[in-house]
Structure formats: structure tokens, C-alpha cells
Amino acid sequence: MSAMSSKERVLTALANAEPDRVPINYAANPGIDRRLKEHFGLKSEDHGGLLQALGVDFRGVGAPYKGPKLHADVPERGVVVDNWGIHRRWIEHGSGGYWDFCDFPLREASAEQVAQWPLPNPDDFDYSGVAAACQANRDYAVVVGGAGHGDVINATGMVRSMEQVLVDLITDDPAGLLLIRRRAEVLVKITRRTIEASQGGFDVFWMGEDLGTQHSPLISLELYRRHLRPIHQMYIDLAKHFGLPVVIHTCGSSSWAYEDFIEMGVTGVDTLQPEAANMSPRYLKEHFGGRLAFHGCVSTAGPVSFGTVDEVIADCRETLAVMMPGGGYCFAPTHQLQDNSPTANVVAMYDTAHRYGVYGRAASRRGGTRERGAAGR
């Protein structure tokens, strides 16, 4: 099999066919990202160089916000507030740190207060550079959107609290439902204008919704269909209008919603935490293989974080062996790689994908050699 471009490779996998090798993706927290760049001799700002070193097939492009700051920070408490009104503060831990959500300014807000809450204006984004950025990445699978697009429970919970959002969904609370609808309408408009500005430069639309704990669904299927599915369908219909396949990020035990995803027009599912209920690679392949493509499955809470290099290789090879047959699989961590992950483990993870993720005669003849990246440095 002749080598494909990254774009061809990803689109082939998302079409549930076998490419030349499994497409590869990357996401990481700042600590491990910095250490990987040091490992490959890259400058701290050279994100593109790291993606090349790891052999990543995806690139994201968006329209930057150029408007006024809508919500004030709280510097005396170290709280940073974004233009959606989400409050975050930096929390240090033994191996790094993370931005934690706090304050929840709309937790007790009325519908009237939600209606007045400032949200970004789609006119305040700069779409002028989108086409050029897509063209510069034309050999890769260029992604529009992200896990925050369509995300009802998490994103609303960041300003209203998770507990209140679940109450909102169960009780049909007007304030919570208004916030969900307002946010979705703004994001759909921004996404539409970004896609239009790309001049056909995008290949994949990405969205998200965390639907499960490690053990069970977060909400019932009936509640999903009543409140979340109509919001998700807005994004999916937009992507389909432009001929883009749709990948949805779903953390936790989420496969209970996958039949609905198929009906709605979803192409692939992302994250796929193998330790969660009904989310193992074998379960997903047996129940949804050929009807959904898969992206993820390499646990950030498993051997990559806590095992040896040999255990990482064995775990990744087993995942590849289950998910590769027939195509429809993209190799990626289940979430952002965590700062407690040893650098050698992450390098071994990507090296294994290149060595053993090759399809066809080339893989059997060469024993699964890779093109470039971790092993080539």
C-alpha cells in the first residue's frame, strides 16, 4: 500500500476503511508537553515541531476572538475569567497543575439574569486568516470545532455548577435551559462563519459531551433525547450541510448513547476510556464497528501514567490489535496526557502506534516500521 497523506489517512479511517496506517492524534497537559519538547530538542513554543515528531495527522484551525473583554478577572484571588464568564484558578499538584473551575457566577441566576449575561458576539471573531491557515495545513486533516462545541453539561456547569445543571435538566428550569440555548446559538454561528471563511479548507468537525461516570450514565436516555439531542443535532446538521464528518468527544461510560449518535449522523466517537463501563475496545468494536469510527482508547489513567515502557507497548499493541481490523480507528489518548506520565512512556506510546499501526503487506514484511517521529529522533 502506498503512503497516504495525513488528510487521506484520517478521512479513510473515518469512512470505516483501512488506510496505510492508523491516524494518530495528540493532546497533553502543559507539564508533559514541555518535557516532550525537551526530549525532541524543540523550543517551548514549537508545537508544530512536536506534532511532526510524533507523526500527528490532525491540525486544528479556528478564528481568534478580537472583541472586548466581557468579564473581569479577580486578580486578588488569582481567578481568570474568560469571555463566557467561566472562572478558573490555577491549582498546583505534585506533578504539575491545572485550571480549576470556581465561583459559578450563574448558579442561582434567574432566567432574566441569564438573558442579560454577556456572551461573545460572532462579529468579534477574526475570520480573515482561516482560509490561509487551512491551506498551510492542507496535507493534514484540518479540524474545526472542539470538545466544547455542543457540550451542554460540562460547559453550562462551569458557570452554573454541575449540580445545578443536572437539576435544570431534570426540572426543565427556564434559566438553565436558556443558558444552554444561548450558548449553543452563539457557537453555531461562530462555527458556520469559520467554515464559510475556510473556502472548503476543513475536513472534520469536532464536538463534545461528557455523558458518563466511570460506572454509569450521567443522565437517562430520555433526558438526553429531551434536552441534549436537539442541541447536538444543531451542530451535526451544520457540519453535514458543509459535507464534514462529525466526531464527538464523550468521556466516561457513554456507549449507551451511541445508537442515537448513529441516527443523528455522527461519524466517529472520541475519548473512549477503556476502564469505564461498556467502553472497552472489544466491546465498542463488537457493538459499533463499521457504524462508528473510533478515536482514542489509550487510557491516560493506565500504563501510560503508571506502568513501565514494556507495559505501555503491550497495552497499545493490544488496543491496536482489537481496533485496527477493517479500519475505522484513530490512535490517541483518551484525554489530555497527564503531567504524571513519564516521558519515556509517552514516547513509547507513539512509537508503538507507528511500529504496529501499519496495514497491509508493508506491516507484515517490515514488522510494522514507522515513517518518522519518536523512534526517528
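J.: Quick question: what am I supposed to make of the environment of Met162 here?
T.: Of note, Met162 is situated in helix α7 (residues 162–171). Considering only alpha carbons, one finds Met162 and Asp124, 38 residues apart in sequence, at a separation of 29 Å. Setting aside anything within four residues of it in sequence, one finds Met162 in contact with Ile153, Asn154 and Gly157.

J.: Teacher, can you tell me more about the sheet that holds strand β5 (residues 141–145) here?
T.: Pairing between the strands of a sheet comes from backbone hydrogen bonds, and it takes one of two forms, parallel or antiparallel. Judged by pairing direction, the sheet is parallel, and its seven strands sit side by side in the order β1-β5-β6-β7-β8-β9-β10 without closing on themselves. The sheet is open, and its two edges are formed by β1 (58–60) and β10 (329–333), each paired on a single side. Going across the sheet, the axis of each strand differs from the next one's by a mean of 30°, ignoring polarity. As paired elements, strand β8 (residues 268–271) and strand β9 (residues 293–298) share four bridges and run parallel to each other. When the sheet's bridge partners are listed, Thr271 is paired in β9 with Gly296.

J.: Mind showing me how you'd approach a nonpolar patch on the surface here?
T.: A cluster of nonpolar side chains, contributed by Val80, Trp90, Tyr98 and Trp99, occupies part of the molecular surface with about 380 Å² of accessible area. By secondary structure assignment, the location of Val80 is in strand β2 (residues 79–81). Val80 gets classed as partly exposed once you look at its relative accessible area, which sits at 38%.

J.: Quick question: what am I supposed to make of the sheet that holds β2 here?
T.: In spatial order, the strands read β2-β3-β4; together these three strands make up an open sheet with antiparallel pairing. The outermost strands of the open sheet, each flanked by one partner alone, are β2 and β4 (96–102). The mean inter-strand angle of the sheet, taken between neighbouring strand axes irrespective of direction, is 35°. Note: strand β3 (residues 87–93) against β4, seven bridges, orientation antiparallel. By the bridge assignment for β4, His87 is matched with Cys102.

Thresholds applied
- Residues numbered from 1 in each chain as written.
- Predicted model: local features only at pLDDT ≥ 70, side-chain atom pairs only at ≥ 80, totals over all residues.
- Heavy atoms only, no water.
- Helix = DSSP H or I, 4+ residues; strand = E, 2+ residues; numbered from the N terminus.
- Contact = heavy atoms within 4.5 Å.
- Pairing = 2+ DSSP bridges.
- Axes fitted to C-alpha atoms, helices over the stretch in contact; angles between N-to-C directions.
- Patch = residues over 30% accessible without salt bridge, like charges linked within 9 Å, V, L, I, M, F, W, Y side chains within 5 Å.
- Areas by Shrake-Rupley, 256 points an atom, 1.4 Å probe, with all protein chains shown as cover.
- Salt bridge = Lys/Arg side-chain N within 4 Å of Asp/Glu carboxyl O.
- Buried < 20%, exposed > 50% of the residue type's maximum accessible area, 1.4 Å probe, protein only.

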